[in-house]
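Listed here are the chains, written in short residue letters.
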Amino acid sequence: MNIRRVTNEERLSTAFPLQAYAFEASPKRPEQAEDFRRVLPYAAANRTLVVTEGDETVAVASAIPMRQNLRGVVLPMAGVAGVTTHPLARRHGHVRALLHQLLDEMRDEGHPVSALYPFRASFYERFGYVGLPRARTVTLSPAGLAPLLRADLPGELTWERTGTGYAAHRAFTERCLAERHGFAILPETRAVWLRDEDDRWLVTARRDGATVGVLTYRIDDHDGELVGGPLLAADPYARALLLQFLARHVDQVARVSLQVAADELPELWLTDLDVHVEARIAGPGSPAPMARLLSLDALAGLPAGPARVRVELTGDRWLAGTHLLDGATGHLELVEDVSSAAAPTATLTAAGLSALAYGVLDPAEVDVRGLGRVPADAAAELRRLFPRRLPYLHAEF
Ligand SMILES: CC(C)(COP(=O)(O)OP(=O)(O)OC[C@H]1O[C@@H](n2cnc3c(N)ncnc32)[C@H](O)[C@@H]1OP(=O)(O)O)[C@@H](O)C(=O)NCCC(=O)NCCS
């Protein structure tokens, strides 16, 4: 199998046509090839590998160099995207080979974690990925937010298009990256799409000169819907300031929708709030994200409870061997010589260990889900080492 990395310019004739076939309406009119050139700069930082047969590209996979917060530590992350095979070449092992090489290369270049949005979770579970929570969509009437109109809140709002507000928005996502477990952001070359498309409004909450909250949105029609993106706020005052802004649209739109992290509870925002909160996971069009550790380097130094456990890693290309995980100092240490250590033992797949590191599953759930064998004594230790925490990936790619 001939696998090679393509240059940015080569994407136009190799990766993009195949990805457009898989992920967009088609066939395209010839002039729509112009769209490929328009989006080319945003792909510049990506690593794209293709499988070729003669002159023809038969499969493609890309990795976006991103960054992600894992339990307070910001790590380089490989965001896998645009994975597809020519319809006549499917089920020949092309994507398996591509993903192996792509993740080998990203790992060797120092990306110890990876995330993606799967077309089918079970396909990527076999590559060691585990499900993360999907962001919730909150739908409400602006009338329900009326009590906030009377609230005297610290700070002020600015309102502009994303084209002019991009830099402040980007800076706030950098702050969220530093502070929030699971949060991931795109490289600058790709993130500027938000600025260049300039097709959304941006409302920004500021306090004492600093940005404390952002929301992008568009309005689909008069008496229609205000369609919001992720509601990012540093604290409840900032969130309330943004919701107060939405309340002022009461005679303009019938509905407001917003994206929030899975640990947000909109039903507690206000008394008598009529609100619908939904996370619908369905088919390739509405996936929950997945993530995995690509290297145990991701674990070293993470905050951890006082516990010790031996883990035997099984069935994975990138995570293998037996390791002692020790949280005695309050930070996770990986001890090389495990032979003499007295500690309970768990056997984990890459997805099982990733589930614990990301805080999405309890050790008993890892056992129940078949992502490892976790006896009760090892589960108790793992529970202290990796307390459950809900990650919020945020970035879409
Ligand atoms: C899904 C897709 C990317 C798989 O590519 P491929 O080159 O056919 O995959 P491979 O032949 O390398 O298959 C790898 C393994 O996954 C299995 N597999 C392939 N397609 C699968 C599917 N749709 N569902 C479940 N398993 C699948 C294969 O049987 C194989 O298993 P094995 O190793 O036990 O034999 C390809 O069919 C495709 O392009 N689909 C349309 C676009 C798409 O959905 N892209 C994914 C976006 S994230």
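A brief look at the structure comes next. Just so you know, these numbers come straight off a predicted model, no measurement behind them.

Next up on the list: helix α5 (residues 162-179). The principal kink in α5, of about 35°, is found at A168. Among the residues of α5, T162, G165, Y166, H169, R170, F172, T173, C176 and L177 are the ones counted as buried.

Our next topic: the environment of P391. If you trace the backbone, P391 turns up in the segment after α11 (376-385). Under the relative-accessibility criterion, P391 is labelled buried at 3%. Residues P391 and L103, spaced 288 residues apart in sequence, show a C-alpha to C-alpha distance of 22 Å. Filtering out sequence-adjacent residues up to four positions away, P391 remains in contact with L132, P133, H181, G182, Y358 and V360.

Here we take up the sheet that holds strand β20 (residues 345-348). Pairing is mixed in the open sheet, where five strands are placed in the order β19-β18-β17-β20-β21. Sheet topology places β19 (333-335) and β21 (372-373) at the edges, where each strand pairs with a single neighbour. Here two bridges tie β20 to β21, and the two strands are oriented antiparallel to one another. By the bridge assignment, T347 is partnered in β21 with R373.

Moving on, we come to the site of the ligand. Every one of the 18 residues lining the ligand counts as a neighbour, but T84, T85, R91, G93 and R126 are closest to it. For the shell around the ligand, the secondary structure elements donating two or more residues are α1 (15-23), β4 (73-85), α3 (94-108) and α4 (121-125). Grouping the constituent residues of the shell around the ligand by class yields eight nonpolar, five polar and five charged.

Attention now goes to the nonpolar core. L293, L299, L348, F386 and F397 are the most contacted members of the largest nonpolar core, which has 59 residues in total. When near neighbours in sequence (up to four residues on either side) are disregarded, L293 contacts L70, P112, V113, A298, L299, L319, L353, S354, A357 and Y358. Residues V138, V203, A238 and L242 belong to the second largest nonpolar core, which totals 27 residues.

A few words now on the packing of aromatic side chains. Note on aromatic pairs: each is described by the distance of the centres and the angle between the planes. Evaluated as defined, the whole model comprises 12 aromatic pairs. Seen in terms of ring centroids, F119 and Y124 are 6.0 Å apart; in terms of plane orientation they differ by 80°. Their pairing is edge-to-face. Residue class for F119 comes out partly exposed when judged on its relative accessible area of 44%. By relative accessible area, Y124 is classed as buried at 4%. Over the face of the ring belonging to Y166 we find R195, whose NZ or CZ atom lies 5.8 Å from the ring centre.

With that out of the way, let us pick up the pattern of salt bridges. Counted under the stated rule, the structure contains 23 salt bridges. Close ionic contact of E174 with R67 constitutes a salt bridge, the shortest N to O distance being 2.8 Å. Taken together, the residues E174 in helix α5 and R67 in strand β3 (residues 56-70) connect sequence positions 107 residues apart. Take E174: its relative accessible area is 29%, and that puts it in the partly exposed class. A salt bridge links D362 to R383; its shortest N-O distance comes to 2.8 Å. Taken together, the residues span a long stretch of sequence, with D362 in the loop between α9 (350-358) and α10 (363-368) and R383 in helix α11 at a distance of 21 residues.

Within the secondary structure layout, N69 lies in strand β3. Judged by its relative accessible area of 0%, N69 falls in the buried class. Engagement of the side chain of N69 in a polar contact is seen with the backbone nitrogen of G72, the distance being 2.7 Å. If sequence neighbours within four positions are ignored, N69 has contacts with V74, L177, A178, E179, R180, H181, G182 and F183.

Criteria and thresholds
- Residues numbered from 1 in each chain as written.
- Predicted model: local features only at pLDDT ≥ 70, side-chain atom pairs only at ≥ 80, totals over all residues.
- Heavy atoms only, no water.
- Bend = angle between axes of the 7 residues up to and from the residue.
- Helix = DSSP H or I, 4+ residues; strand = E, 2+ residues; numbered from the N terminus.
- Buried < 20%, exposed > 50% of the residue type's maximum accessible area, 1.4 Å probe, protein only.
- Contact = heavy atoms within 4.5 Å.
- Pairing = 2+ DSSP bridges.
- Near = heavy atom within 4 Å.
- Nonpolar A, V, L, I, M, F, W, Y, C, P; charged D, E, K, R; others polar.
- Core = buried A, V, L, I, M, F, W, Y, C linked by side-chain atoms within 4.5 Å.
- Phe/Tyr/Trp six-rings, centres within 6.5 Å; stacked < 30°, edge-to-face > 60°.
- Lys NZ or Arg CZ within 6 Å of the ring centre and 35° of its normal.
- Salt bridge = Lys/Arg side-chain N within 4 Å of Asp/Glu carboxyl O.
- Polar contact = N/O pair within 3.5 Å; in protein donor to acceptor, adjacent residues only side chain to side chain.

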